[in-house]
Amino acid sequence: MIIATSGHVDHGKTALLEALTGTHTAHLPEEKKRGMTIDLGYAYLPLDEQHILGFIDVPGHEKFLGNMLAGLGGIDYAMLVVAANEGIQAQTHEHLNILKLLDFKEIILVISKADLADDKQISELVSQLRQKYPVLLHSPIFITSTKNQRGVVELREYLAALPNLAQQARPFRYAIDRIFHIKGAGTVVTGTAFSGEVNVEQELFFSDGQKVRVKNIHSQNQKSTKGIAGQRLALNIHHDMARELISRGDWLFSHPPVTPTERISVQLQPTVALKENQAVHIYQAASRSTGRLNLLQDKNLMPEQQALAEIILDKPLFLTYGDNLIVRSGDAKQLIAGAHVLEIYAPSRYKRSEQHLNYLTQLQLAKTEAERIQLYLANNALPLSTLAWIEQLTHSQLKNLLAQIQHQWYQDWCFSADYQQQQKNRLLATLAQYHHRHDDQIGISKARLCRIACLHQPEKLMFYFIDELLSEQKLQQTRGWLHLPSHKIQFDENEQQCWKQVFDLFEQHHGQPLWVRDVATALQIEETAMRNFLYKAGKLGYLTPVVKDRFFLTTDIYAYAALIKQYIGQFGAISVNQLRDELGFGRKVTVQLIEYFDRSGFLRRKGNVHILRDAQLFDALS
C-alpha cells in the first residue's frame, strides 16, 4: 500500500519519511544539492514478511507541481505535512486542495518540526487548519519532530494499521511515471498499480495496444512474483518498441485498451470562479493534456459550486468512469478545479439538451456499477469491451452483472430488453411504411432495412434482431426479401397462363435478360400491358428488373449471385471484367447486373472492384 506525503517546500516531508522508514527519498543530485524534492521520492517500511508500506514524497515547490500530480493516482491515503513554526503556506493550500479534489479516502494531518514551536502555537495552528479547511475536521492529527522523535512511533503504528482499499479484483491498470534501462535486464518502468494484479511472465498491453511481457517484478522495492493494486511496482518488460517511445504518462493494461478519449463529461468542483469557455491543463496520474473547458449548465460558476462540464482534450487520455482529474488554468499557474469523470465518450452535439443533462445527473446519483450499466444501455447497445473498460470490469464480471440485472449480450454487443424491443419496433414500423409506399414490391433486403430503420445502430446486432423476428413469425422472408406476413402479391388464373408463355421465352434465351418490348413483340401482346405484367411478376419474385424494363429470371439472378459469392470467397473481390468473363455476357449487361447487386445491398463497390455486403441476401430461393 502507498501513502502520499505532501506539503509546502522545506516543511520536513523528506526528513519525516526518513524518520519513519530509515530511507532518504532525495535521489537526484540536484535534489541533494538544493535540499528539496524536485521529482517523486520513494521510501518503504516493511511491516512483516508479506506486507510493506510505501511512501511517495511529492515535491512541494510550485514549479514541480506536475511531478507531484504524477504520484497521486491510484492512492487512497495522504499525509499533509505542515511545519509548526511556519504554518499554512502557499503550497500547503494548493496541495490540500489537490488532495481534496482527488477524493482521497483519508487525509492525515501531520504537524512537523514541533521542536521549533510551543504547545500554544501548535494548538492554534491545528485550530486554524480545521477552521479554514473543513475537509480536515475529522482527520487524525499527529504532532511530530524528527529532532527528538516526538510522535514518530505513534504515526508509524497508525499508518501500519490502515486497510488496503485498492481494487485488486479488477483488470490490471498501471500508470508509468519513470522509464530507464538496466544493463543485462533491459527496459524497466516504474509506477503505481491503480487496480488488479500482475504476475511474472504475464502479457500486458501498452497504451498503443502493443503487447509486452513482464520478465521481473519489484513490488514495494523488493523482488516478487506478483504485484497488486495499491502498490508501487517496478516492471522489467520485454518489448519490440524503442525505449524512447515509452514516456511518463503511458499505461500498461491487462486487457487491450479502448480508443483514448478526446471529449469527456465531468462533474466539476471549482476552486475559483470559472467562465463558460476557457483553456485548461488537465492532469490524470502521470498523464497531462491541454484542452478546453465548457460549462454545460451556466455561463459562470462560483467557487465550490459543483456543476456539469465538458472537457475537450488536445491529447487523448485513457480515462474510465470515476477517474479524478486536476484542472489548472491555461497558463498552468493556478489550480482552478477538480473533475470527476462521468462520461468518457461525450457527444459533440446536443450536449446541453435536457435529455443529456438528465442522463449525466443520473450518472452522478448512481451508486453501483449495475445502476450505471442500466443507464448506459437504456437506449444504446455497447460493445462488451467498451462497457468493461468504462467500469473497469473483467468480461466475466461484466457478464455476471448483466445476468443479474437481466440484460443481454450477443457476440460482442451488450443491450437491454427495452433497447431490443425499441429496435424491433423500428424494424417492423419501417417495413410497414415501405410496403405502404412500395406496394408493388415483395419486400426489402436485410441490409437495406437496417440502413433505413436503424442507421447508427450496429448492423450485426440488427441482423440478430431480424432473425429473432423471423423466428417469432413477425417477419417473413421470400426469396431473400423481408416482408410482413400480411403483405402478399399473387397472379390470377389468366395471369398464370401468361406467365407460362413468358417463362418459356426466358428459358429459350439461356440466362440472358429480356427487354419489355422484345417480350411483347414475341408474344404479340400490347407493350404497356406486358410492361405491367412483367413488373407484377417482378413483385412476386419471378423476375428481377436490373434496369428499367430489362428483366432476368430471378432463378438466374440467384445463380449469378452464388457464382459471385464463390468467386469473392476465393479471391476477395470481383470486378466488372471478371464477372463478364465468368458469365460470357457483354460489358453493358454485366455493368447493369453488378450495379443491381450493389443497389440491392448484396455487393458494395470499393474502388474498381466489388465486395460482399450481405452474403445472406441471395442465400436461398424459396
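Residues numbered from 1 in each chain as written. Predicted model: local features only at pLDDT ≥ 70, side-chain atom pairs only at ≥ 80, totals over all residues. Heavy atoms only, no water.

## Let's talk about the overall build of the protein chain
Next, step 1: Per the secondary structure count, the protein chain includes 19 helices and 33 strands.
Next, step 2: Expected size for 622 residues packed as a compact globule is a radius of gyration near 25 Å; at 34 Å, the protein chain overshoots this value by more than 25%.
Next, step 3: Counting over 622 residues, the protein chain shows a buried share of 54%.
Next, step 4: For the protein chain, the exposed area adds up to about 28700 Å²; of that, 47% sits on carbon and sulfur atoms.
Next, step 5: Positive and negative side-chain charges in the protein chain, numbering 66 and 65 respectively, have mean positions lying 4 Å apart. (Helix = DSSP H or I, 4+ residues; strand = E, 2+ residues; numbered from the N terminus. Rg over C-alpha atoms; globule rule 2.2 N^0.38 Å. Buried < 20%, exposed > 50% of the residue type's maximum accessible area, 1.4 Å probe, protein only. Areas by Shrake-Rupley, 256 points an atom, 1.4 Å probe, with all protein chains shown as cover. Lys, Arg positive; Asp, Glu negative; His and termini not counted. Charge placed at Lys NZ, Arg CZ, Asp CG, Glu CD.)

## Here's the deal with the domain arrangement of the protein chain
Next, step 1: Its domain assignment divides the protein chain into domain 1 (2-161), domain 2 (173-253), domain 3 (262-365), domain 4 (417-483) and domain 5 (492-621).
Next, step 2: Inter-centroid distance (C-alpha atoms) of domain 2 to domain 5 is 61 Å. (Domains from an automatic or database assignment.)

## A closer look at the packing of helix H9 (residues 384-391) against helix H10 (residues 395-404)
Packed helix pairs are characterised by how far apart their axes lie and by the angle those axes make with each other.
Next, step 1: Closest axis-to-axis distance for the H9/H10 pair is 10 Å, and the angle between their directions is 95 degrees. Classified by the angle between their axes, H9 and H10 sit roughly perpendicular to one another. When H9 is examined against H10, the residues Leu384, Ser385, Leu387 and Ala388 are found in contact with a partner set consisting of His395, Leu398, Lys399 and Leu402.
Next, step 2: Looking at the contact of H9 with H10 residue by residue, the class counts come to five nonpolar, two polar and one charged. (Axes fitted to C-alpha atoms, helices over the stretch in contact; angles between N-to-C directions. Parallel < 35°, antiparallel > 145°, perpendicular 65-115°, else oblique. Contact = heavy atoms within 4.5 Å. Nonpolar A, V, L, I, M, F, W, Y, C, P; charged D, E, K, R; others polar.)

## Comments concerning the nonpolar core
Next, step 1: The biggest cluster of nonpolar side chains holds 56 residues, and the ones touching the most others in it are Leu268, Ile373, Tyr376 and Leu398.
Next, step 2: Ranked by residue count, the leading element in this core is strand S21 (residues 307-317), at six residues.
Next, step 3: In this structure, this core is formed jointly by two domains, domain 2 (173-253) and domain 3 (262-365), each of which donates at least three residues.
Next, step 4: With sequence-adjacent residues up to four places away left out, Leu268 is seen in contact with Leu274, Leu293, Leu295, Leu301, Gln305, Gln306, Ala307, Ala309, Ala337, Gly338 and Ala339.
Next, step 5: Listed in part, the 30 residues of the second largest apolar core include Leu102, Ile122, Tyr133 and Ala332. (Core = buried A, V, L, I, M, F, W, Y, C linked by side-chain atoms within 4.5 Å.)

## Comments concerning the sheet that holds strand S30 (residues 543-547)
Next, step 1: Taken in spatial order, the three strands make up an open sheet running S29-S31-S30, and their pairing is antiparallel. The open sheet has two edge strands with one neighbour each: strand S29 (514-515) and S30.
Next, step 2: By the bridge criterion, two bridges tie S29 to strand S31 (residues 550-553) in an arrangement that is antiparallel. Opposite Trp515, over in S31, you have Arg550 as the bridge partner.
Next, step 3: Packing of helix H14 (residues 493-508) onto the sheet brings it into contact with S29, S30 and S31, and relative to S31 it is tilted by some 85 degrees.
Next, step 4: Strand contacts of helix H17 (residues 554-571): S30 and S31, with the helix running at about 75 degrees to S31, the strand carrying the most contacts. (Pairing = 2+ DSSP bridges.)

## Description of the environment of Thr192
Next, step 1: Relative to the elements of secondary structure, Thr192 occurs in strand S8 (residues 186-195).
Next, step 2: Take Thr192: its relative accessible area is 4%, and that puts it in the buried class.
Next, step 3: Sequence spacing of Thr192 and Gly230 is 38 residues, and the spatial spacing of their C-alpha atoms is 6.8 Å.

## Notes on the pattern of salt bridges
Next, step 1: Under the definition given, this model contains 22 salt bridges.
Next, step 2: Across the pair Arg372 and Glu391 runs a salt bridge whose closest N-O atoms are separated by 2.7 Å. Separated by 19 residues along the polypeptide, Arg372 in helix H8 (residues 369-376) and Glu391 in helix H9 bring together distant segments of the chain.
Next, step 3: When its relative accessible area of 8% is taken as the criterion, Arg372 is described as buried.
Next, step 4: Between Glu495 and Lys536 there is a salt bridge whose closest N-O contact spans 3.2 Å. Taken as a pair, Glu495 in helix H14 and Lys536 in helix H16 (residues 527-539) lie far apart in primary sequence, 41 residues in all.
Next, step 5: One salt-bridge network, in which partners are shared between bridges, spans Lys424, Glu468, Glu472 and Lys474. (Salt bridge = Lys/Arg side-chain N within 4 Å of Asp/Glu carboxyl O.)

## Notes on the sheet that holds strand S24 (residues 382-383)
Next, step 1: The three strands lie next to each other as S24-S26-S25, forming an open sheet whose pairing is antiparallel. Either end of the sheet is taken by a strand with one partner, and the two such strands are S24 and strand S25 (408-410).

## Digging into the confidence of the model for the protein chain
Next, step 1: The predicted model of the protein chain averages 87 in pLDDT, with 92% of residues at 70 or higher.
Next, step 2: Low pLDDT (under 50) marks residues 27-39, which in the prediction has 32 contacts with non-local residues, meaning those over four places away or in another chain.
Next, step 3: Ignoring residues within four places in sequence, the model shows residues 60-64, a span with pLDDT below 50, making 20 contacts including any to other chains. (pLDDT = per-residue confidence, 0-100.)

## Topic: helix H15 (residues 516-523)
Next, step 1: Those residues of H15 that sit buried are Val516, Val519 and Ala520. Viewed along the axis of H15, the buried residues span an arc of 100 degrees, placing them on a single side of the element.
Next, step 2: Buried residues belonging to H15 abut H14, S29, H16 and S31.
Next, step 3: With its phi angle positive at about 55 degrees, Gln524 sits one or two positions after the end of H15. (Arc of directions from axis to C-beta.)

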